[in-house]
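Each chain is listed here by its residues.
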Amino acid sequence: MCTPLFAALLVAALLAACTVGPDFVRPTPQAPDHWSAQATASSAEPPRRSDITEQSPDLRAWWSGFDDPNLDSLIDRAMISNLDLRTAVLRIDEARAQRAIFAAAYAPTLSVDASVERQRFSVTTPTGALFNAVGSAHVPGGANTSVPNPYNQFQLSAGASWEIDLFGRVRRSVEAADANVQVSVEDHRAVMVAVLADVSQSYMELRGAQARLAIAKENLVTIDELLELTRQRRAAGLTSEIDVSNAVALSLATHAEVPAFEFGITRSINQLSQLLALAPEALRGELNSPAPLPAVPTTVSIGVPAELARRRPDIREAEANLHAATAQIGVAVANLFPRLTLGATAGFQSASADNLLEWASRFASVGPSLDLPVFDRGRWKTVRLYEVRAEEAALAYQRTVLNALHEVENALAAYGADQQRRAWLEATIARNLDALALSRQRYESGLANFIEVLDAERTRQQNQLALADSTSAVSVDLVRVYRALGGGWPQSSAPAP
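In this text the structure is predicted, and so the values were computed from the model without any measurement.

Colleague: I would appreciate a short explanation of helix α2 (residues 69-81) in the present structure.
Modeller: An α-helix turns once per 3.6 residues; consequently, residues spaced three or four apart project the same way. Relative to the 18 Å expected for 13 residues at 1.5 Å per residue, α2 spans 18 Å between its end C-alpha atoms, a close match to the ideal helical length. For α2, the full list of buried residues reads L71, L74, I75, A78 and S81. Seen along its axis, α2 keeps its buried residues to an arc of 150 degrees; they face one direction. Among the exposed residues of α2, those pointing more than 90 degrees away from its buried face are P69 and I80.

This is the structure we're talking about:
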C-alpha cells in the first residue's frame, strides 16, 4: 500500500517544510544611562541619609535588609498562603496544559472504533428499490448471494492521521503557547513582587501607627502634668480659670487623636491577615504589642536603568505577550497555505459477528489528503488581525517600560525627600523640647503667660507626630523603591518557565 510515489511525496514534503510568518526579535528597551532622581545626602545639615548606589543589587530577599524577624516571618507565610499567589500558580498550570494541547499536533492521532448497526433502506428510494428487487440472487457458477433488507453490520477498526507541518502552523502554535506559559510565569512573579511589597508596607504602617499611638499617650502624660500644675496655680490665685480651660481643651484634643491611631493599628493588622489568607484579627495577638519601626539600611543598591527590563516581571510579561502575538501571525499566515495530512484506516467488517475477525472480513485504506484553500477572505483578514495585535503588544511593551522608569524615579524622589524631612524634623524636635522647658520655667516663675506654654506644647506634639509619620514614610518609600525595581522573586522558588 506504500508505493514509491507516495514515499517520494512524503520525503519531498518533509524536505520542503518551512516556518512562515515573522520571527520574534527581542525588543531593546529605551532607558537612560543613570537615574535622575537623587536620594543621597545633600550638603545641607542635618546630613543623616541612606546612601543610594547604582551598583547591581541582589533584590531576591530585599526585606532582609530591614533586619526584622517579625517581617521575615510574615513574608515567609505570605509566600505560602497568599491566595493571589496560589491563583497565579494555577494559571501557570493552565498555560502549560494549553501548551501540551498544541504540542500534541506534532504526533499522529490514533483512534479505535467498534460498532454494531442494523440498517434498513427505504424501498421508495433507488438504492432501497434495488436491494428489495435483488433480494436473494443466484450467481451462475457460484453460491447464492443474499442481499437482505434490513441487514446487520459489525465493524472493528482503527484509524490514524498525521498532519505534516509543511509551513509551521503547528510550530508557530507551540511557539505562541510557550510564550503564553512565560506570560503566566512572569505574572506569578509580578504577583509575588506586589504581595511581598504589600506585606512589608502594611507592616511598616502598623509599626508607624503604634509609634504615633505611643507618642499620643506620652503627650497625655505631659499634658496631665501641665493641667495639674495649672490647677495648683489657679488654687493659689496665681492664674485664671481660662488657663485651666485651655489646658483641659489641649488634653481633650490629644485624647481625640487616640482612636484614629488605634484604627490605623487595626486596619494594618487586618490587611496583613488578609494577605496571609487569614480571618480578620487573626494576627492581633502576634502583632498588637508595639515594636520599633525597622530601620532602613545605610546603603541601598538599585542598579542602573538598563537592568530594569531584565528584572521587572511586568516588563518581562509584556515582552512575552509580544512574542506570543508575533507567533500568532505565523499561525495565521500558515493557514493560508495547503495542509497535507496522512491518513490510514484498517479493520474488520462483517454482516455477522461470527466471522467478524476472519481474514476475509478485513478492509483498509491509506493515503494522503491535501487541503488547499483557494478563496477564503476571512483567513486573509485574520493575518491582519494578528498583525494589529502584535503592534498593540509592541506599544504595550514600550508603555510598560516607560511606566516602570517613572515609578522608580518617583519612588527614589519620595525616598530622598522624606529622608530630608525626617532629618529636619529630628532637629526641630530638639529645639521644641528646649522651648517647652523654657516656657514652663518662665510660666512657673510668673514671667510668661499660659498661652506661651500651650503654644510650645502644641508645636512639640505636632512635630513629634510629624516625625513619626516621616519615619514611617521613609520605610514605606524604600519598600516602594524595591517594588518599583521589581525585586522579590527568587528564581529558586519561582515556577520555572
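Having seen the model, we can carry on.
Colleague: Got a minute to help me understand helix α6 (residues 241-275) in this structure?
Modeller: For α6, built from 35 residues, the straight-helix expectation of 51 Å at 1.5 Å per residue is met to within 8% by its first-to-last C-alpha distance of 53 Å. Directly beyond the C-terminal end of α6, a positive phi value near 60 degrees is found at A277.

Colleague: Could you clarify how one ought to interpret the packing of aromatic side chains in this entry?
Modeller: In this description, an aromatic ring pair is defined by two values, namely the gap between the centres and the angle between the planes. What the rule picks out here adds up to three aromatic pairs. A ring pair is formed by W62 and W63, whose centres lie 5.6 Å apart and whose planes are at 80 degrees; its orientation type is edge-to-face. The exposure class assigned to W62 is buried, which follows from its relative accessible area of 4%. Ring geometry for W62 versus Y482: centroids 5.0 Å apart, planes at 20 degrees, classification stacked. A residue pair is termed long-range when its members are at least 10 positions apart, and W62 in the loop between β1 (51-53) and α2 and Y482 in helix α11 (residues 450-485) qualify at 420 residues. Exposure remark for Y482: the relative accessible area of 5% places this residue in the buried category. In this structure an aromatic cluster arises from ring pairing among W62, W63 and Y482.

Colleague: What am I meant to see in a nonpolar patch on the surface here?
Modeller: Together, V112, L156 and L357 line one region of the surface with nonpolar side chains, adding up to about 310 Å² of accessible area. Looking at the element boundaries, L357 is found in the loop between β7 (339-350) and β8 (362-371).

Colleague: Looking at this model, I keep getting lost on the pattern of salt bridges. Mind explaining?
Modeller: Oppositely charged side chains can form a pair if their charged atoms are brought close together. For the coordinates displayed, the defined rule picks out 20 salt bridges. Ionic pairing is found between D469 and R212, a salt bridge with its closest N-O pair at 2.8 Å. With D469 in helix α11 and R212 in helix α5 (residues 169-235), the pair connects residues that are 257 residues apart, well separated along the chain. In this structure, E281 engages R284 in a salt bridge whose closest nitrogen and oxygen atoms are separated by 2.8 Å. In this structure, a network of salt bridges that share partners links the residues D23, R172 and E175.

Colleague: Please clarify how the confidence of the model for the protein should be interpreted in this entry.
Modeller: Low-confidence regions, as indicated by low pLDDT, have predicted coordinates that should not be scrutinised in detail. For the protein, the mean per-residue pLDDT works out to 83, and 86% of the residues sit at or above 70. Ignoring residues within four places in sequence, the model shows residues 39-44, a span with pLDDT below 50, making 12 contacts including any to other chains. Segment residues 491-497: pLDDT under 50, and 14 contacts once partners within four positions in sequence are set aside and those in other chains are kept.

Colleague: When you look at the environment of A417 in this model, what are you seeing that I'm missing?
Modeller: For A417, the location among the structural elements is in helix α10 (residues 377-444). C-alpha of A417 to C-alpha of D477: the two residues are 60 residues apart in sequence and 9.8 Å apart in space.

Colleague: I'm lost on the pairing of β7 in this one. Help?
Modeller: For a regular strand, side-chain orientation follows a simple rule: the groups alternate between the two sheet faces. Sheet analysis places strand β5 (residues 151-164) next to β7, joined by 11 bridges and oriented antiparallel. Bridging across to β7, S161 finds its partner in G343.

How each quantity is defined
- Residues numbered from 1 in each chain as written.
- Predicted model: local features only at pLDDT ≥ 70, side-chain atom pairs only at ≥ 80, totals over all residues.
- Heavy atoms only, no water.
- Helix = DSSP H or I, 4+ residues; strand = E, 2+ residues; numbered from the N terminus.
- Expected span 1.5 Å × (residues − 1).
- Buried < 20%, exposed > 50% of the residue type's maximum accessible area, 1.4 Å probe, protein only.
- Arc of directions from axis to C-beta.
- Phe/Tyr/Trp six-rings, centres within 6.5 Å; stacked < 30°, edge-to-face > 60°.
- Patch = residues over 30% accessible without salt bridge, like charges linked within 9 Å, V, L, I, M, F, W, Y side chains within 5 Å.
- Areas by Shrake-Rupley, 256 points an atom, 1.4 Å probe, with all protein chains shown as cover.
- Salt bridge = Lys/Arg side-chain N within 4 Å of Asp/Glu carboxyl O.
- pLDDT = per-residue confidence, 0-100.
- Contact = heavy atoms within 4.5 Å.
- Pairing = 2+ DSSP bridges.

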